[in-house]
Amino acid sequence: MSFHAEAIRPHFPSLHLPADDGSLPIFLDNPAGTQVPLSVMRAVTAYYMTMNANSGGAFATSRRNDEMAQRTREAMADFLNAASASEIVIGPNMTTLSFSLSRSMAQLLAPGDEIVLTRMDHDANVAPWAHIAREQGLNLKWVDIRPTDCTLDMDSLEAALSERTKIVATVQASNAVGTVNPVRQIAGMAHAVGAWHVVDAVQSAPHVPIDVAEIGCDFLLCSSYKFYGPHLGIMWGRQDLLDSLPAYKVRPAKDAAPYRWENGTPSYETWNALLACLDHWERIGEEFGAAELPQYVGRRQRMKRGMMAVQTYERELVSALIDGLCAIPGVTLVGITDGARFDQRVPTVAMVKEGHAPDEIASYLADNNIYVWSGNYYAVEIMERINRPEGMVRIGIGQYNTIDEINKLLNLLELL
């Protein structure tokens, strides 16, 4: 059974809350954060009603809290195909986790060691490494992009690597232009020179089945509020590194991974919401991948099938979006526009229209209850590289968007 948005839209209350003029809003701001199903909202309430306690107590609510936390780690491990739930670190957001990781790794680096970054990355996978480079006398090397299609220049990556390279930090999917990078190949190249590979998977997690074992990286970070969950960040790390890297923690806290990376009392109510979010992905797999799934398959395969069903649907929508944008006079797109290469991109599209500033376009669409972003979306390097100092307009498709919504957007842009 093919995935279709109308089957899941009833589960998202915000999609049905009318704007001031009575029309329903169209959420195409998804790369900045998706809407959430009712089950995710209810999970927060359920937490407070049945398990609101701190960790480690002998009493019932604390035990329920800890059982839920373990179930959440296990479900997230399945989502990423991690070997163990103890490889899953949960924090307030990806950026905070990235700074924690960079500060830890910095303790093992020496002046003159090298960090390789790309011109494609969100600043959350740039600034943490740039800070430790300045503080400890490390050298930054940059991997360029090809402006014609906004893909990573792999020759530039090869040239940047050396025996002094210690960290290679790359994005899996660009939050600005949607390009998907060959992270498995990059991991192999990093390891060939003895470097760690850190992957920002924030924009790939809503659209691409992630398999950390297949990628072969050392760390991978993502954010659940980008894949229909609560405001949390998740870091997967190789068990040996999570156990051995110096972690900044208070003395009484557990010194075992993953706890040594989670400072303070977590927002456990959002952990329960994350578990509900992962259940949502599993249900999509059960409903739209059931015909292809044997009865005995586990949660990982159900989630993966759900992601694949959504991925196929989203590619149909982004194809219609890109074709429609290309047909509008004065519109310029960046990134991959060839339909034969859509396996190399996620449904995040950056565009401008001649004679109109990006902020003007976003405001015009907002006045018509279509929500998009303008600017650089914290992808500072790529906007400078493609000579877009004002940034661009970003349109990001999610699983609940429809072809009718895409057509309404295109009609408005044509009238602008």
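Residues numbered from 1 in each chain as written. Predicted model: local features only at pLDDT ≥ 70, side-chain atom pairs only at ≥ 80, totals over all residues. Heavy atoms only, no water.

A.B. asks: With reference to specific residues and values, describe the pattern of salt bridges.
C.D. replies: Under the criterion given, the structure shown has 16 salt bridges. Here Arg9 and Glu405 are joined by a salt bridge, their closest N and O atoms 3.3 Å apart. Of the two residues, Arg9 is situated in the segment before strand S1 (26-27) and Glu405 in helix H13 (residues 403-415); the sequence distance between them amounts to 396 residues. Of the two residues, Arg9 and Glu405, neither departs from the other in class, the shared state being buried. Where Arg341 meets Asp149, a salt bridge forms, and the shortest distance between an N and an O atom there is 3.0 Å. Taken as a pair, Arg341 in the loop between strand S11 (331-334) and strand S12 (348-353) and Asp149 in the loop between strand S5 (145-146) and strand S6 (151-152) lie far apart in primary sequence, 192 residues in all. Of the residues examined, Arg341 reaches a relative accessible area of 24% and is grouped as partly exposed. Judged by its relative accessible area of 14%, Asp149 is buried. A cluster of three or more residues bridged by salt bridges with shared partners is formed by Asp218, Arg238 and Asp240. (Salt bridge = Lys/Arg side-chain N within 4 Å of Asp/Glu carboxyl O. Helix = DSSP H or I, 4+ residues; strand = E, 2+ residues; numbered from the N terminus. Buried < 20%, exposed > 50% of the residue type's maximum accessible area, 1.4 Å probe, protein only.)

A.B. asks: Please set out the environment of Leu232 residue by residue, giving values where relevant.
C.D. replies: Within the secondary structure, Leu232 sits in the loop between strand S9 (219-223) and strand S10 (233-237). The class of Leu232 is buried, set by a relative accessible area of 3%. In the structure, Leu232 is positioned 39 residues away from Trp271 in sequence and 8.0 Å away in space, judged by C-alpha atoms. Residues in contact with Leu232, not counting those within four places in the same chain, are Ile90, Gly91, Pro92, Asn93, Cys222, Ser223, Ser224, Tyr225, Thr270, Trp271 and Leu274. (Contact = heavy atoms within 4.5 Å.)

A.B. asks: Summarise the sheet that holds strand S15 (residues 392-396); cite the residues concerned and give the values.
C.D. replies: Read across the open sheet, the four strands follow the order S11-S12-S15-S14; overall the sheet is antiparallel. Each edge of the open sheet is held by one strand with a lone partner, namely S11 and strand S14 (373-375). For this sheet, the mean angle separating the axes of adjacent strands, direction not counted, is 35 degrees. Along the sheet face, helix H10 (residues 299-326) touches S11, S12 and S15 and points at about 15 degrees away from the line of S12. (Pairing = 2+ DSSP bridges. Axes fitted to C-alpha atoms, helices over the stretch in contact; angles between N-to-C directions.)

A.B. asks: Can you lay out the sheet that holds strand S2 (residues 88-91) for me, pointing to particular residues and giving the numbers?
C.D. replies: A sheet is described by the order of its strands in space; here seven strands give the open sequence S2-S10-S9-S8-S7-S3-S4, paired in mixed fashion. Unpaired on one side and paired on the other, S2 and strand S4 (139-143) mark the two borders of the sheet. On average, each strand axis in the sheet is inclined to that of its neighbour by 20 degrees, with strand direction left out of account. When S9 meets S10, the two strands line up antiparallel, connected through five bridges. Bridge pairing in S10 links Ser223 to Gly233. Contacts between helix H3 (residues 94-106) and the sheet are confined to S2, strand S7 (165-171), strand S8 (196-200), S9 and S10, with S9 contributing the most and set at about 160 degrees to the helix.

A.B. asks: Please provide a residue-by-residue account of helix H9 (residues 268-288), values included.
C.D. replies: The end-to-end C-alpha separation of H9 is 31 Å, in line with the 30 Å expected for 21 residues at 1.5 Å each. Judged by how many residues are buried, H9 sits mostly within the fold: 17 of 21 residues are covered. (Expected span 1.5 Å × (residues − 1).)

A.B. asks: So what's going on with the state of the cysteines? Which residues, and what values?
C.D. replies: Scanning the entire structure with this criterion turns up zero disulfides. Looking at Cys217, it has no disulfide partner, and the nearest cysteine sulfur is the one in Cys222, 11 Å off. For the unlinked cysteine Cys326, the closest cysteine sulfur is that of Cys150, found at 14 Å. According to the relative accessible area criterion, Cys326 is exposed, its value standing at 52%. (Disulfide = S-S within 2.5 Å.)

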